[in-house]
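# Working through the structure, step by step
Single-letter residue listing:
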Amino acid sequence: MKKYIIAIALLTGMMAGACNLRSNENYVLNPDGGGKISLKTTFLYVKIRSGETLDDAAKRVVKSILTSSTGVDTWKNVKYSTGKDNSVNFEGTAYFTDFNTVVINNITLYFKFKREETKNGYRLVFRTEEKKSTEGDPEKVDEVVNKKLTDWGKQKGMFQKPIEISRIERTYNIKAKSVKVSNMKLSGKKGKYSVNIVFDGPKIFEAMDISSSNESAVRKNYLDGTNKYTNEVFMETLFGNTKPVTADVSGAEIAFNYAKEVAAAKKAYPAMYAKLNLEPATEGETDTKEDEGDDDADDDKVDTDTKKKKGDKKGDKKSDKKKDKKKKDKKKESSIDRIKKNFQ
C-alpha cells in the first residue's frame, strides 16, 4: 500500500540526495507551456565523499544540476558558494519549452505541478491523484495495518529532521487576463499575476505523521487498494481542506521573448560553464617538451647509412608520437567542448 504520493516523493528525494533542501523557485510562464525558472537553493548537510573537500562536493552538486536536469534548453547566471554545516548555495536560471517535462535535478522533483489545457487557457494543478493497487484481504487487515503503523512509528524519527528543516517556496509569474486559484496565494493586477505556494517542512512532516498514523485511513486504503484516504488526511492537515490545489489561467499572454533570451544564454553558456571551474584537471594535459639533439650529437662520427637509419627511426618515432597525440586528444575532448556542442 502506498502512502500519499507527494510525501513519498519528498522522502525518496531526501534520502537519495543525502541532503536537505531550502529552495526559492521563481517561474515565468508563457502561453505555449515554455518558460524559465530562477532558482535560489541551499542544500543543507551535503554528503562529502571520501577524498572530497566541501568545494569538491559543491562542484559535484552543481555539475549534476547543469548536466543531469531534464527538459532544460539552457542555463544562465549560474553561481554557487559553500557555507557552514556542509551547505551548498546554488543560483541560476533554467529555460524550458515544456512545463510538464522540466525537472531540475535534486531541486524541482518535489511537489510537482502539472499543466493541463483548458477551454480558455490552462490550469496548473498539484498532483494528488489516487494510486490504485490490489485490494487488501479482509482477513489480514488487522495484521497488515498494525505492521504499517508500527513501521511508521520506527521510521519517522529518521525522517523528521531532514524534512522539518526543509522549505520550498514556489512562485508562478503569469501574464493573462485572469487567474483564479484554489489553496494558493494570488497577487498582482492589470494582467500581471503571481501565484505563490509554500511547502514548509514542519507542516509537511506533521501532515505525513498524522496521515501515516491514522489507523482508519490506513485501514481503508488497504481494503480499497488505494491511497485516497491518507491523501485526504494529508491535504486536510496541510491546507485545512481537501480542495484541489490549482491555478486556472484565462487569456494567457506572452510574458517574455523566449527565443531571444535563450539565444543569448546559449551563446554565453560555454564561457559561464568554464568560469564555474567544475571540471577536474585531466591527467596528462600539461605539455612536455620532447628531448632534442640526442640522435644528432655524433653525426660526424657515423657513416651515411647509419645516419639514414637513425633518420628513419627518428621519423618513425615522431610519426608514432603524432598518432598517439591525436588519439589522446580525441579521447580527452573536454566536457566543456561537449557542452558547447549541446548548447550551440
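See above for the structure.
A brief report on the enclosed structure follows. (Residues numbered from 1 in each chain as written. Predicted model: local features only at pLDDT ≥ 70, side-chain atom pairs only at ≥ 80, totals over all residues. Heavy atoms only, no water.)

## Remarks on the nonpolar core
Counting 59 residues, the largest nonpolar core has Leu66, Trp75, Phe90, Phe113, Tyr172 and Ile174 as the members making the most contacts within it. If one sorts the elements of this core by residue count, helix α2 (residues 54–68) sits on top with seven residues. Those residues in contact with Phe90 that sit more than four places away from it in its chain are Leu39, Lys40, Thr41, Phe43, Val62, Ile65, Leu66, Trp75, Val78, Lys79 and Ile107. Of all hydrophobic cores here, the second largest spans six residues; its members include Tyr95, Phe256, Tyr258 and Val262. (Core = buried A, V, L, I, M, F, W, Y, C linked by side-chain atoms within 4.5 Å. Buried < 20%, exposed > 50% of the residue type's maximum accessible area, 1.4 Å probe, protein only. Helix = DSSP H or I, 4+ residues; strand = E, 2+ residues; numbered from the N terminus. Contact = heavy atoms within 4.5 Å.)

## Section: the packing of helix α5 (residues 215–224) against helix α6 (residues 228–239)
Axis separation between α5 and α6 bottoms out at 7 Å; the angle between their running directions is 150°. On the basis of their axis angle, the class for α5 and α6 is roughly antiparallel. Two secondary-structure elements touch here, α5 through Ala217, Val218, Lys220, Asn221 and Asp224 and α6 through Lys228, Tyr229, Thr230 and Val233. (Axes fitted to C-alpha atoms, helices over the stretch in contact; angles between N-to-C directions. Parallel < 35°, antiparallel > 145°, perpendicular 65-115°, else oblique.)

## Remarks on the side chain of Ser87
By the secondary structure assignment, Ser87 is in strand β4 (residues 87–96). Ser87 gets classed as buried once you look at its relative accessible area, which sits at 8%. A distance of 3.0 Å separates a polar side-chain atom of Ser87 from the backbone oxygen of Lys84. Leave out the neighbours within four places in its chain, and Ser87 touches Thr42, Phe43, Leu44, Tyr45, Leu54, Ser81 and Thr82. (Polar contact = N/O pair within 3.5 Å; in protein donor to acceptor, adjacent residues only side chain to side chain.)

## Points about the packing of aromatic side chains
Tallying each qualifying case throughout the model produces 15 aromatic pairs. Measuring from ring centre to ring centre gives 6.0 Å for Tyr95 and Tyr258, while their planes differ by 80°; the resulting arrangement is edge-to-face. Placement of the pair is Tyr95 in strand β4 and Tyr258 in helix α7 (residues 258–276), with a sequence separation of 163 residues. With a relative accessible area of 0%, Tyr95 lands in the buried category. Between Phe256 and Tyr258, the ring centres sit 6.1 Å apart and the planes meet at 45°, which makes this aromatic pair tilted. Across the pair, Tyr258 and Phe256 agree in class, each one buried. The structure contains a cluster of three or more aromatic residues connected by ring pairs, namely Tyr27, Phe96, Phe99, Phe113, Phe126, Tyr172 and Phe199. Above the plane of the ring of Phe256 lies Lys36, whose end atom (NZ or CZ) is 4.5 Å from the centre. In this structure, Arg115 is placed above the aromatic ring of Tyr122, and the distance from its NZ or CZ to the ring centre is 4.1 Å. (Phe/Tyr/Trp six-rings, centres within 6.5 Å; stacked < 30°, edge-to-face > 60°. Lys NZ or Arg CZ within 6 Å of the ring centre and 35° of its normal.)

## Things to note about helix α3 (residues 141–164)
In α3, a bend of some 45° at Lys156 exceeds every other bend along the element. Inspection of α3 places Val141, Val145, Trp152, Phe159 and Ile163 among the buried residues, and these make up the whole buried set. (Bend = angle between axes of the 7 residues up to and from the residue.)

## Some details on the environment of Ser182
With respect to the secondary-structure elements, Ser182 resides in strand β7 (residues 167–182). What makes Ser182 buried here is its relative accessible area of 16%. Counting along the chain gives 61 residues from Ser182 to Lys243, while the straight-line C-alpha distance between them is 7.2 Å. Other than its neighbours up to four places away in sequence, Ser182 contacts Lys243, Pro244, Val245 and Thr246. Polar side-chain contacts of Ser182 include one of 2.7 Å to the backbone oxygen of Pro244.

## Structural notes on the pairing of strand β8 (residues 185–189)
Taken residue by residue, a regular strand's side chains alternate between the two faces of the sheet. Burial analysis of β8 places just zero of its five residues in the buried class, which makes it a mostly uncovered element. By the bridge criterion, five bridges tie β8 to strand β9 (residues 192–200) in an arrangement that is antiparallel. When the bridges of β9 are listed, Ser187 appears paired with Ser194. Remark: two residues form the turn of the hairpin made by β8 and β9, two consecutive strands paired antiparallel; Lys190 in that turn has positive phi of roughly 55°. (Pairing = 2+ DSSP bridges.)

## Topic: the pattern of salt bridges
Evaluated as defined, the whole model comprises 15 salt bridges. Ionic pairing is found between Glu261 and Lys76, a salt bridge with its closest N-O pair at 4.0 Å. In this pair, Glu261 is assigned in helix α7 and Lys76 in strand β3 (residues 72–83), connecting sequence segments 185 residues apart. According to the relative accessible area criterion, Glu261 is partly exposed, its value standing at 23%. Arg167 is the salt-bridge partner of Asp200, the closest N and O atoms lying 3.6 Å from each other. Of this pair, Asp200 sits in strand β9 while Arg167 is found in strand β7, placing the two residues 33 residues apart along the sequence. Judged by its relative accessible area of 32%, Asp200 falls in the partly exposed class. On the basis of relative accessible area, Arg167 is assigned to the partly exposed category, the value being 28%. One network of salt bridges, in which partners are shared, links Lys36, Lys76 and Glu261. (Salt bridge = Lys/Arg side-chain N within 4 Å of Asp/Glu carboxyl O.)

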